[in-house]
Each structure stands twice: as C-alpha cells, then as structure tokens.
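Residues per chain, in single letters:
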Amino acid sequence: MYDSAEFFPGFASHWIDAPAGKIFARVHGEGQPVVLLHGFGETHVAWRKIAPALAKRFTVVAMDLRGYGWSAVPASEKGENYSKREMAADVVAVMESLGHVRFALVGHDRGARVGQRLALDQPGRIDKIALINIAPTNDEFGDADLQRVGRARFLAADAPKPEALIRLDPIGFLDDALMNATKAKSLEPFGAEALAAYRQAFNDPARIHAFCEDFRAGATIDREHLAADKAEGKKLVMPTLIVAGEATFPANGPSLVAAWGEWGDDVAEARVDSGLYPMEEAPAETLAALEKFL
C-alpha cells in the first residue's frame, strides 16, 4: 500500500464503517467541518496541496469515495451500488462518526456529483457547498468536451467490455485521462508521488469495475434522480460556489454559473487558471477561492 501520509502532516487516519464497508479518511484541524470529495482517477491525495492549509481554519475530512483509493469496493451491477445517493450515504456515515451532523462540502468532478446529490436529498446537513469543474447534467455543456464525454460514455457502457479493455493497460488509460484533462496536457501538475498513489489505486480489477459502475450509475440512475428533482422543483438551498477551470469551461463558452443558477438561488463562481484539476494545477488560486467562500 502506497503511504501518502507525508502529504498530510498532522492528519489522523481513519477507516470508518459506512454502507459501502470501510471508508478511508484523513482528518485534521479545528473549526467548521469541511469534507473534501475527489474526482475520477484520483483519491483523497488530490487535496494534498490544499488540505493542510484549510486545516489551519477548519476541521478537514479528506475521504476516498467508495470504490476509490483505500475505501471499500462493494459489488455492483448496472451501477446499483454506485449511484450518487448510495455514495452520499457513505459521506453522512463518515461525518457522523466523526461527530459532524452539519458540515460544508467541497466536491470535484465525481465528488461534486456526490455532493450535489447529498445537498438535494439532505439539505439540512450542508452549510455550504463548493462544486469544482462540473456542469449540471442534461444541459448545453454535454458536448462541450468531446474527449471527456467520449471517455464517460465508454466507461458507462455495458459490462464487461470497458473493464476488459482497461485491464489491457490500466496505467496507460489512467495517465491518458489525467494528462489530457489538464491545461498543459501534461502529467507534471500531479507529481511522481501522487501519480504513484493514483496508479496503485487504479491498477485493480475490482476497482476498475467500480469506476465503470460509477459512470453507469451516472448515465442512468443518477439522471433519473435528477430528473425527479427538477420535476419537483428541488434546488440547492445553501450558498453554492462553482469553481471553473478556464481551460475546461472557457469564459467565452456557455455560462457555467448561469447553468447552475437553475439549481440554486445563491450561486457564485470563481474562475481559476487550470484545466480539470484546479487543486493540482492552480492550488493557490483554488485555496484562496475556497477559503473566501467557506
């Protein structure tokens, strides 16, 4: 097991019982609790450049989503155990175990999808929510990045074809996904040690299936849940920050904050000079935006 503790000085390690099984989290700091949820291809290590600074002002919980990193990998078919509602239940279990009934949430990519689901289902738990580099589902952003859309559709395809193809070269698939989503089209922003952690977590047939199940749920179950929310008029009732990487959501494209405005009445935007991974590519800008919002 790759030891990423050096990235998180002073943080305690926890494996916490949740609906998925044991969920791994690192915890440190004092003040308002904030949970950090990573995106596809990454683990809690994605927050290494930000979490220690946030912990000077907040109680920071950086956790691995089910199926990712060091967390449990529940069996699943057709996305049933990787719906964002199921994944959000793990977040609640982790935070309650640590003594936090209400908390702020910062989610990136897949983690942002989990955060949105939790905020819609249990708004009383979330004080504030920051969503990083994600657009609402079923909107004009759907074809804005054909490469990302194509990869998502590939991962969401029926089992076992995606799993079998990824297993031919899992590290190559991961590296390509990470590199091509950065502004510089490079792996440099991640660094050798973080890449080693991501590669270790990715190079496992059970987890490869879990990643695919995450996207299968995203293409089916999660969309059904969001459609029901929209029909009922549900919104994000808490203050919401949308963090957008300039290379992923350019300012001259469709308005990301306007799109999210359909889901909430208190939505602000922070733009940073990065691609899909602002925490890795522009950590100082991202930290400043989060600290100001939180």
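Our structure's up above, just so we're on the same page.
Basis of the calculations
Residues numbered from 1 in each chain as written. Predicted model: local features only at pLDDT ≥ 70, side-chain atom pairs only at ≥ 80, totals over all residues. Heavy atoms only, no water. Pairing = 2+ DSSP bridges. Helix = DSSP H or I, 4+ residues; strand = E, 2+ residues; numbered from the N terminus. Axes fitted to C-alpha atoms, helices over the stretch in contact; angles between N-to-C directions. Contact = heavy atoms within 4.5 Å. Nonpolar A, V, L, I, M, F, W, Y, C, P; charged D, E, K, R; others polar. Buried < 20%, exposed > 50% of the residue type's maximum accessible area, 1.4 Å probe, protein only. Arc of directions from axis to C-beta.

S.K.: Explain the sheet that holds strand E7 (residues 240–245) residue by residue, including any values.
M.R.: Here 8 strands make up an open sheet; going across it, the order is E1-E2-E4-E3-E5-E6-E7-E8 and the pairing mixed. Unpaired on one side and paired on the other, strand E1 (12–18) and strand E8 (267–272) mark the two borders of the sheet. Each strand of the sheet is rotated relative to its neighbour by a mean of 20°, with strand direction disregarded. For strand E2 (residues 21–28) and strand E4 (residues 59–63), the ladder comprises 4 bridges, and the chain directions are antiparallel. Within E4, the residue paired with His28 across the bridge is Val60. Of the strands in this sheet, E1, E2, strand E3 (33–37), E4 and strand E5 (103–108) touch helix H2 (residues 84–97), which is tilted by about 125° from E1.

S.K.: Any chance you could break down the packing of helix H8 (residues 205–219) against helix H9 (residues 221–232) for me, citing the residues and the numbers?
M.R.: Interhelical geometry of H8 versus H9 gives an angle of 35° and a closest axis separation of 3 Å. In this structure, H8 contributes Asp214, Ala217, Gly218 and Ala219 to the contact, and H9 contributes Ile221, Asp222 and Arg223. A class-by-class count of the residues in the contact of H8 with H9 yields 3 nonpolar, 1 polar and 3 charged.

S.K.: Any chance you could break down helix H5 (residues 161–168) for me, citing the residues and the numbers?
M.R.: Among all positions in H5, only Pro162, Glu163 and Ile166 are buried. On an axial view of H5, the arc spanned by its buried residues comes to 95°, and they lie on one face. For H5, exposure combined with an orientation more than 90 degrees from the buried face picks out Lys161 and Leu168.

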